[in-house]
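Here is how the chains run, residue by residue.
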Amino acid sequence: MVNIASTQQEINFRLKSAPEYREASLAGLLSLLVAAILLLNAIWVEGNSFQPLLLIIGGSYLFFAVIQLVIWFFIRRNLLHHGHITPAVRRSGYLLLPAILVANVFVVIAGSQLIKRSKSTAYTLAVYTLLSTILTFAVSALNTLKPYVADYFLIGMALLLICAIFQLVSLLLLAKYKQEDFLPRWMYVVAAILIATAATGNVFALFLGIMLIAKIRNQGYTSGTRFGEIFEKLARSMTSMLGLLFVSFLVTLAITSMLTFDSSLAIDNNYSAILQQPSAMYPLGTDNFGRDLFSRIIMGARISLLVGVLTTVIPLIIGGLLGAISGYYGKHTDNIIMRALDILYAIPGILLAIAIIAAFGAGIFNLIIALSIGSIPTYARIMRANVLQVSSLEYVQAASAIGSSDRLILFRHILPNTVAPMIVQSTLTIGTAVISTSSLSFLGLGVEPHIPEWGNILKLGSAYLETHPYTAIYPGLAIILLVLAFNFLGDGLRDALDPKLN
Amino acid sequence: MKKNMKFIALLLIVSVVLSACTLKTKDESGESTTPSNNANVDQTPVDIELLGMSANEDDLNIVRDQLAKNGFNVKLNIQPDYGSFKTQEDAGNFDISLSSWTTVTGNPDYAVRSLFKTGGDYSILSDPEIDALIDEASTQTPEQYQDTYKRFEEALVFEKAYIAPLFNSIKSQAFNKEVLAADSVRISKSRSLPWEELEFTDTAKHGTDPLILQSTFPTLTSLDPIKGNDGSINIINTNLYVRLVNLTDDDKITSDGSLSLNHAIAEGNTEYYFILRDDINFAKVTDKKAVDSGERVGADDVIFSLNRAKDRNSVPDHRTYTLHEHINTVETVTDLAALDALKVSGSDETVRAALEKGLDVKISELVADKKDANNKEGKYQVVKLTTTTPFPQVLNYLAHQSAGIVSQKQVQAINTYDVENFDVNKDIPYGDQNTVTEGSQYNNTLYTSGPYILSHKNDYEATFYKNPAYMKGTEHEPRIENIKIKFIQDADSTLSALRSGEIHLFYGVSESKFDVVKGDSKLELQSIPSNAVSYLLFNTSNRPVAESADLRKAVLYSINQEEFITFYSGNKYKATSTLSPIVNTGLELKADAAKAKEHLNAYKASK
């Protein structure tokens, strides 16, 4: 069937209608970019034992980028000529899957999406679930190149492997079902196992499991669950899914590193390995105390994530509650609470944090408190605005008219309808919280200097920026990627939750 | 599909099993730090609090690491600056405190007296044995005190473990060799950089271009030499005021470049003679330019300066009288025969012969009034200083910036207030930094006897001009007309400023930046062993370390100085106490994990 697009408008429409086209171009360009960075590094860094390996990986990225761009070209031609993608081109997606061997997730995701014509959200989530576990497994496996591994290394790796196998099985099972298909009841078992594997920190597995259960229970009663709907929209945006993939990967690493990483390599000084260039044994080099930067950055993810999440959750709850009360009751309550918060709002957050830490001393607990207090007013304001809007709706007036108590109205009827903007706001502020934590550590006000925390690592590295730049580049990159991941995720969530776009 | 899956699963399992066979876990590798199970001994780590400043974070981390590896659970207390560190230390909030000491006078007595003697300026110790050894050594000659100080170190470090020495630092400076002539830049073990000897590579620029140096502290404690002894003014006051003697680059006493032409120690080691030069006038500032005040620096100024240096009540906030407490009297000598009658300590030479050595014109007459002095005609001024006990090291203290010579006439004219009722808000003492700071309070009343005078300053820089009447026509006459000091707080920014040509010399380059400096072709790095020693000071009250020598020794033997040296790529030296850079006692601290464990177990048993 040949059905050639004629007008520019039609061309645009056809290209936009196929997400595979967009994904292929994004994956191709990102792989090309990574390939360029890797190859330039391999050529420029002299006297580096890692060089041939870097060259191979860079070369393979380039190889897959080229394949991806060729496929992109065929997709484009297909779309323009036929209006849809032909099965032959779809099958070429299998060519992209081996890219997992060099951790080229962009191409793998684009490939997995291309293979299936009609994809369910569950399928997409299952792909990301598996990718997240495989990436964690691969990164943890780099530890085998060290002189020794952590005592529980093998147990940890075995657990990861078992998770990966389960997730692969569920991916293959889910691939059979289309979005609108009913799921059989035994899928409960798959969902339960997936949720169990989420104990490694794999948030995709958790979401997938919950979504499956919701879907089975719903079985055709309604057009779909709210949860499923959000994920359906989120899954359409590759950037936000990549963001969530990075977050999930880091959470999994942070949790499994308790088994698979040896903390002494990250904390104990080793004077015989001071400022080593990146090598097989030290994939990201060592710092001026001979500590392995790779282990330090991985273990630093724990603190960065913990502080980032807690400093978001605490003000979310406190600020949300204050905002809800203030918005619902109004008048004097509103005035007193909001004016008090306005005073807090007038103090710059980071200055307040510095003052609190200076007064109560440095440490993780004080750090979390210091960073939390400053962002309470922001959440309170958002919550108050939402509550004001929702509480004027008819159903709330109806609830009030039949004599429901204030508490019931507030918590049952109003709050559930106001959380969406709060979730978006919190995803966006986690990134800021991570940066604030690192900034305070950089200023010497965060955690103790020997504790692996990204700001600490960056601070040490910054002194060697000129002579040993990798000591600053890698922790800096980790911070950038995490913040970027949360921001992409936040953007995607905002689009998915926005009622105007529904 | 199923077949595919089975194959993949099999492949993965096989590869994992294969790799597992060749992997070594931490326990197997023997790298494990968990001590072997010994049922009799308590294995719980001992809590210990380590206090330090964030500037010494690297050292703190190394100490923490070494203690943690020897059975301690280290709690770090890191303070952002010296002020808060000192507050914590004074409040006793530490078990061990990372301290450092620089013996700026180059003599061993200064390295121990105020630190370890009962009642010393910085001392928290009170031990009669230590006191007796310090006093005994202070009266001895270098040959004699080596053994006394060895006994002192044995008691202080090894028997009682009051301190745990870490390392001896080097002093380093970097300068732009395209601007400064390399052989004119001196680096000395103790003394500050003499500005008068600095030369540009292009000597034509001496009169036109300023030389730009750097300092960390924009607030100068005081420009009165006796009222400050800290980093903000030590280099400045050394170059503003001339002294009776100087230190050479390796800490020997010399009259070279000082107010005296020669000096001599008379037999008995309590009388010291100085013959003064007549070619230095005080400089003053008029319209922000340096001019010759016409007033000569003479014996009356020396007597006045040293008497106020030793008298703690001569000025409010006197910071340096303990350095000069050995001075008994200072007077002018007018009787030439008295010099003939005296012999030099340890020699048959007369004091007069020693003072005349190398002079073009021998002494024909000693004059009382500085205006009558004329070296070309043989009319000299001689100052005699006596000490309360035989104390040859007094000369080192006279080379310190606090013994700088000020103008009697000018200081007395400015310091008209009553010392006891001094009011900071009303009275303006001589050398107050506000009088040289641009603004409404500017009223420069300085009279300086040294090669340079401070004209004016603000928060960003200070401007100095050469003293127009300082040893004119000699090799000590200042070459460069105008020197500026830029105030840059951060070491990394300072290095950037040096590399960009914004400043010409950076004093105190950190060891971690040596590679950067060496890699820059226009910079030259100079370094020399210094008298700075870092050590751990144990708390002496209210803490377990105060009571238990075993606990202190467990810390002492956990310290591995080799690791510090490796960390600083060989740019630190071993030290046994603050004396180590000055006196070689032959003692050395060796890390000994077995001894550390033994003492730690003894401590646990005694609990």
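Residues numbered from 1 in each chain as written. Chains lettered and ligands numbered in written order. Predicted model: local features only at pLDDT ≥ 70, side-chain atom pairs only at ≥ 80, totals over all residues.

**Focus: the overall build of chain B**
Along its length, chain B carries 19 helices and 21 strands. Seen along its three principal axes, the alpha-carbon backbone of chain B occupies a region of about 110 × 60 × 50 Å. Expressed as a percentage of the 607 residues in chain B, the buried residues total 44%. (Helix = DSSP H or I, 4+ residues; strand = E, 2+ residues; numbered from the N terminus. Buried ≥ 20, exposed ≤ 12 C-beta atoms within 10 Å, placed from the backbone.)

**Some points on the overall build of chain A**
Each helix and strand counted, chain A has 21 helices and zero strands in total. A globule of 502 residues ought to have a C-alpha radius of gyration of about 23 Å, and chain A, at 25 Å, matches this closely. Each principal axis of the C-alpha atoms in chain A carries an extent, and together these give about 75 × 70 × 50 Å. A burial count over chain A gives 47% of its 502 residues as buried. Look at the contacts in chain A between residues 6 or more apart in sequence, and 70% of them connect residues 24 or more apart. (Rg over C-alpha atoms; globule rule 2.2 N^0.38 Å. Contact = placed C-beta atoms within 7 Å.)

**Quick notes on the UniProt feature "domain: Solute-binding protein family" (unreviewed entry) in chain B**
As annotated by UniProt and renumbered to match this structure, "domain: Solute-binding protein family" (unreviewed entry) occupies residues 265-602 of chain B. End C-alpha to end C-alpha, residues 265-602 of chain B measures 52 Å, and it is 24% helix and 24% strand. (UniProt positions renumbered as here; feature names shortened; annotations may be inferred.)

**A look at the UniProt feature "domain: ABC transmembrane type-1" (unreviewed entry) in chain A**
Taking the UniProt record as the reference, the feature "domain: ABC transmembrane type-1" (unreviewed entry) is found at residues 301-490 of chain A. Overall, residues 301-490 of chain A shows 82% helix and 0% strand. The separation of its end C-alpha atoms is 20 Å.

**Some points on unusual backbone geometry**
Residues and elements named next belong to chain B. For Asp-317, which is not glycine, the phi dihedral falls at a positive 65°. The residue Asp-317 is located in the loop between helix H9 (299-310) and strand S12 (327-333) in this model. One non-glycine residue, Ser-569, adopts positive backbone phi at about 40°. With respect to the helices, strands and loops of the structure, Ser-569 is situated in the loop between helix H18 (561-567) and strand S21 (572-573).

**Considerations on the domain arrangement of chain A**
All names here are of chain A. According to the domain assignment, chain A consists of domain 1 (1-117), domain 2 (118-261) and domain 3 (307-501). Computed from C-alpha coordinates alone, the two centres of domain 2 and domain 3 are separated by 27 Å. Contact residues are listed per partner, giving twelve residues for domain 2 and twelve residues for domain 3. Those elements that provide at least two residues to the side of domain 2 that touches domain 3 are helix H10 (226-236) and helix H11 (238-260). Here the element with the most residues in the side of domain 2 that touches domain 3 is H11; it accounts for eight residues. Tallied by class, residues from the side of domain 2 that touches domain 3 come to seven nonpolar, four polar and one charged. (Domains from an automatic or database assignment. Nonpolar A, V, L, I, M, F, W, Y, C, P; charged D, E, K, R; others polar.)

**Examining the confidence of the model for chain B**
Residue and element names in this part refer to chain B. Here chain B shows a mean pLDDT of 89. Residues at 70 or above account for 94%. Within chain B, the element-level pLDDT minimum falls on helix H1 (residues 2-22), averaging 58, and the maximum on strand S15 (residues 447-448), averaging 96. The low-confidence segment residues 32-39, where pLDDT is below 50, has five contacts with residues more than four positions distant or belonging to other chains. This prediction of the complex comes with two scores: 0.82 for pTM and 0.80 for ipTM. (pLDDT = per-residue confidence, 0-100.)

**Here we look at the environment of Thr-260 of chain A**
Residue and element names in this part refer to chain A. Position of Thr-260 among the secondary structure elements: in helix H11. Accessibility expressed as a C-beta count within 10 Å gives 26 for Thr-260, which makes it buried. The spatial distance from the C-alpha of Thr-260 to the C-alpha of Ile-216 is 36 Å, given a sequence separation of 44 residues. Leave out the neighbours within four places in its chain, and Thr-260 touches Ser-140, Asn-143, Ala-150, Phe-153, Gly-156 and Met-157.

**Considerations on helix H17 (residues 549-558) of chain B**
Residue pairs three or four apart in sequence face the same way in an α-helix, which turns once every 3.6 residues. All names here are of chain B. For H17, a buried count of eight out of ten residues is recorded, marking the element as mostly surrounded by other parts of the structure. Taken together, the buried positions of H17 are Leu-551, Arg-552, Lys-553, Ala-554, Val-555, Leu-556, Tyr-557 and Ser-558. Buried residues along H17 sit against helix H3 (57-68), strand S3 (96-102), strand S4 (163-176), strand S20 (523-538), helix H16 (544-547) and helix H19 (593-606).

**Notes on helix H13 (residues 293-329) of chain A**
Taking 1.5 Å of rise per residue, 37 residues should cover 54 Å, and H13 of chain A covers 53 Å from first to last C-alpha, within 8% of that figure. Directly beyond the C-terminal end of H13 of chain A, a positive phi value near 65° is found at Gly-330 of chain A. (Expected span 1.5 Å × (residues − 1).)

**Quick look at the interface of chain B and chain A**
How big an interface is tends to be stated in terms of the accessible area lost upon association of its parts. Facing 30 residues of chain B, the contacting portion of chain A comprises 27 residues. Ranked by the residues each element gives to the side of chain B that touches chain A, the list is headed by H1 of chain B, at six residues. The residue inventory of the side of chain B that touches chain A, partitioned by class, reads 13 nonpolar, eight polar and nine charged.

**Topic: the pairing of strand S5 (residues 211-215) of chain B**
Residues and elements named next belong to chain B. When you tally the buried positions in S5, you get five out of five residues, the bulk of the element. Burial along S5 is two-sided: the face carrying Leu-211, Leu-213 and Ser-215 and the face carrying Ile-212 and Gln-214 are both buried. Two strands pair when backbone bridges link them, and S5 and strand S18 (residues 482-487) are joined in this way by five bridges, in the parallel orientation. Across the sheet, residue Leu-213 finds its bridge partner in S18, namely Ile-485. (Pairing = 2+ DSSP bridges.)

**Focus: the sheet that holds strand S10 (residues 281-286) of chain B**
Residues and elements named next belong to chain B. Spatially, S11-S10-S15 is the arrangement adopted by the three strands of the open sheet, whose pairing is antiparallel. In this open sheet, the two edge strands, each paired with only one partner strand, are strand S11 (289-296) and S15. By the bridge criterion, five bridges tie S10 to S11 in an arrangement that is antiparallel. The partner of Thr-286 across the bridge, within S11, is Lys-289.

**Concerning the environment of Ile-314 of chain A**
Position of Ile-314 of chain A among the secondary structure elements: in helix H13. Classification of Ile-314 of chain A as partly exposed rests on a count of 18 C-beta atoms within 10 Å.

**A short note on the nonpolar core**
Formed by 135 residues in total, the largest nonpolar core has its most connected members in Leu-125, Leu-208 and Leu-250 of chain A. Per-element accounting of this core gives the leading share, 13 residues, to H13 of chain A. In this view, Leu-125 of chain A contacts Phe-204, Phe-207, Leu-208, Met-211, Phe-231 and Ala-235 of chain A; residues no more than four positions away in its chain are not counted. Within the second largest apolar cluster, 90 residues are counted, among which are Val-351, Ala-403, Val-436 and Val-516 of chain B. (Core = buried A, V, L, I, M, F, W, Y, C linked by C-beta atoms within 7 Å.)

**What about the domain arrangement of chain B?**
All names here are of chain B. Here chain B is partitioned into domain 1 (46-169 + 530-606) and domain 2 (180-503). Of note, the centres of domain 1 and domain 2, computed from C-alpha atoms alone, are 34 Å apart. On the domain 2 side, the residues contacting the 14 residues of domain 1 number 14 residues. Listing elements by their share of the side of domain 1 that touches domain 2, those giving two or more residues are helix H5 (108-116) and S20.

**Digging into the sheet that holds strand S17 (residues 461-466) of chain B**
Residue and element names in this part refer to chain B. Across the sheet, four strands lie side by side as S5-S18-S17-S16; this open sheet has mixed pairing. Two strands close off the open sheet at either side, each with one partner strand: S5 and strand S16 (452-457). Looking at each pair of strands side by side, their axes are set apart by 25° on average, direction ignored. (Axes fitted to C-alpha atoms, helices over the stretch in contact; angles between N-to-C directions.)

**Regarding the pairing of S20 of chain B**
Sheet topology places S3 of chain B next to S20 of chain B; seven bridges connect them, and they run antiparallel. Note that in S20 of chain B the partner of Trp-101 of chain B across the bridge is Val-533 of chain B.

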